[in-house]
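Coordinate analysis (summary)
Now for the letters of each chain:
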Amino acid sequence: MKRIIAYSLFLFFLSFSYSCVKEADVITEEETEVIPQEGETRVLTGIVKDTSGNILPQARIKMILGDLELETEADENGEWKVTVPNSLTEGYIVANKVAYSKSIQRFKETEDKRVEDIYLARVPSNTELDLSFGQSNLKTLIGRIVDANADPIPDVTLFLISLLVDPPNDYVFNGFVNTQADGTFEIIYEDDGFSSTSLYTLFSGACSDNISYTVQGQDPVEDLGDLELSSESFSIFQTKLESDGSSCYQTAKGLAFNYKSGTGFIPVAWDQPLGAISLEYCPSETGIFYVGVESDDNVHFNGKFLSDTEVEASYQFDICTPNPGNFLELNLDGTETTYTDIAFTSPRTVYSHDFTAPLSFQLRNWAIYTPNGSDRPAYHMGEVKELSVESANGVEYTLDEDSKVNYVNIVQDDDDFYAGIIKAQLKGDDSSFADMTMRFRVSK
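Residues numbered from 1 in each chain as written. Predicted model: local features only at pLDDT ≥ 70, side-chain atom pairs only at ≥ 80, totals over all residues. Heavy atoms only, no water.

A closer look at the pairing of strand β30 (residues 379–390)
For a regular strand, side chains alternate in direction, first toward one face of the sheet and then toward the other. Where β30 lies against strand β32 (residues 406–413), three bridges are found, and the strand directions are antiparallel. Looking at the pairing, G382 lines up with V408 of β32. Pairing between β30 and strand β31 (residues 396–399): three bridges, direction antiparallel. In the sheet register, E390 faces β31, and the bridge partner there is E396. Connecting β30 to the antiparallel partner β31 that follows it, the hairpin turn spans five residues, and G394 within it adopts a positive phi of roughly 90°. (Pairing = 2+ DSSP bridges. Helix = DSSP H or I, 4+ residues; strand = E, 2+ residues; numbered from the N terminus.)

Things to note about the sheet that holds strand β21 (residues 275–281)
With respect to topology, three strands assemble into an open sheet ordered β21-β18-β24, the strand pairing being mixed. The sheet is open, and its two edges are formed by β21 and β24 (315–317), each paired on a single side. Here the average twist between neighbouring strands, direction ignored, is 35°. Examined bridge by bridge, strand β18 (residues 235–243) and β21 share seven bridges and lie antiparallel to one another. Of the residues in β21, the one forming a bridge with K240 is A276. (Axes fitted to C-alpha atoms, helices over the stretch in contact; angles between N-to-C directions.)

Side note on the state of the cysteines
Per the stated rule, a full pass over the model turns up one disulfide. Through a disulfide, C248 is tied to C320; the S-S separation comes to 2.1 Å. As the torsion about the S-S bond is roughly 120°, the C248-C320 disulfide counts as right-handed. With C248 in the loop between β18 and β19 (252–259) and C320 in the loop between β24 and β25 (327–332), the pair connects residues that are 72 residues apart, well separated along the chain. Summarising the burial analysis for this pair, C248 and C320 share the class buried. (Disulfide = S-S within 2.5 Å. Buried < 20%, exposed > 50% of the residue type's maximum accessible area, 1.4 Å probe, protein only.)

Brief notes about a negative patch on the surface
A contiguous patch of negative charge on the surface is contributed by E390, E396, D429 and D430. Positionally, D430 belongs in the loop between β33 (417–428) and β34 (433–443). (Patch = residues over 30% accessible without salt bridge, like charges linked within 9 Å, V, L, I, M, F, W, Y side chains within 5 Å. Areas by Shrake-Rupley, 256 points an atom, 1.4 Å probe, with all protein chains shown as cover. Salt bridge = Lys/Arg side-chain N within 4 Å of Asp/Glu carboxyl O. Lys, Arg positive; Asp, Glu negative; His and termini not counted. Charge placed at Lys NZ, Arg CZ, Asp CG, Glu CD.)

Written out as structure tokens, the structure reads:
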């Protein structure tokens, strides 16, 4: 199945904290003054990120160069810095942070005295800092990723997942690296008697298949040789968002994403000013696109779901909502109804108190996006799990389980309100079908 993953890029400023592990080799102070026993020294720098490419502050790093072991901590920008003797050029780097995986990689230094980026995966079950290192227990996996013409593919993401024997089916995240310019990769991991270890790939540079490979783990170094990764070029979804002149556009922003059921990675154009929107997508799996506009305070919002064949050159939405409290706008085959007496119950169920016009639905979240630096989701994407509504002519419509038209974008989900936009195909108890769109906000 085709996958897309988007990484964010950041600019970093150099600062650090530093601690000494072996006083006989080096002495450090707060200002990072290094007094070596003998010889010249050099300053090495690096950066720690999570597996989405975001900076990861306060991770701990241990550098092991021969008999010398040094520990330091990444600053608020994910940057770390360490001073070592010029004579030491080979070794390992171990990194870890509570609630993240441990990383072990070979020390590789660039011409500008930087080391390769360190990636740690989010693992909430990890409650202790682990910088342990047993070289006799290490296994190394090497290989090269190539295309159908045997040409190398750089910047392919590879990661290892190992299953534990006890407790069974629990897993360990054992490494995360990107291929080099020549397509090569090296993953170093600790062999703790796993029941199995598998290698997986993700590629953000094109629409691609995944590689899944079961690691044998019999030898200290396992060479996988050339692994072929099939891929195809992106297509471009393009449109333009414009104001319709209403009063709710003063702080409006645009949102666009490609909803592809069954995939875990979604390209997103988020927090965009009104105007042109461009979105890459895989042509063989177009899915459904969403374009919408909302105010910075999430009070006013509107949007539309469409296929790539339905895209227009531009869209204008009236994002002014009926009131700042509860409302539900229902469009059933062109007939519009507005509800104000609606309620929310867990889990994610909305229903109407108006017994003359019954309506209820339940949502299933599928993917969540939280902006960097925020502890609150900006939107959720998902499906309508259950839906029932009675039309004006007395026909009861429910969600058609066979329909592929079933999407929801939660544009607001905070401590006070649950709000969003839905598109679904419904089936009546008289066997008729109706297309439904909905915009709603309900207090929790």
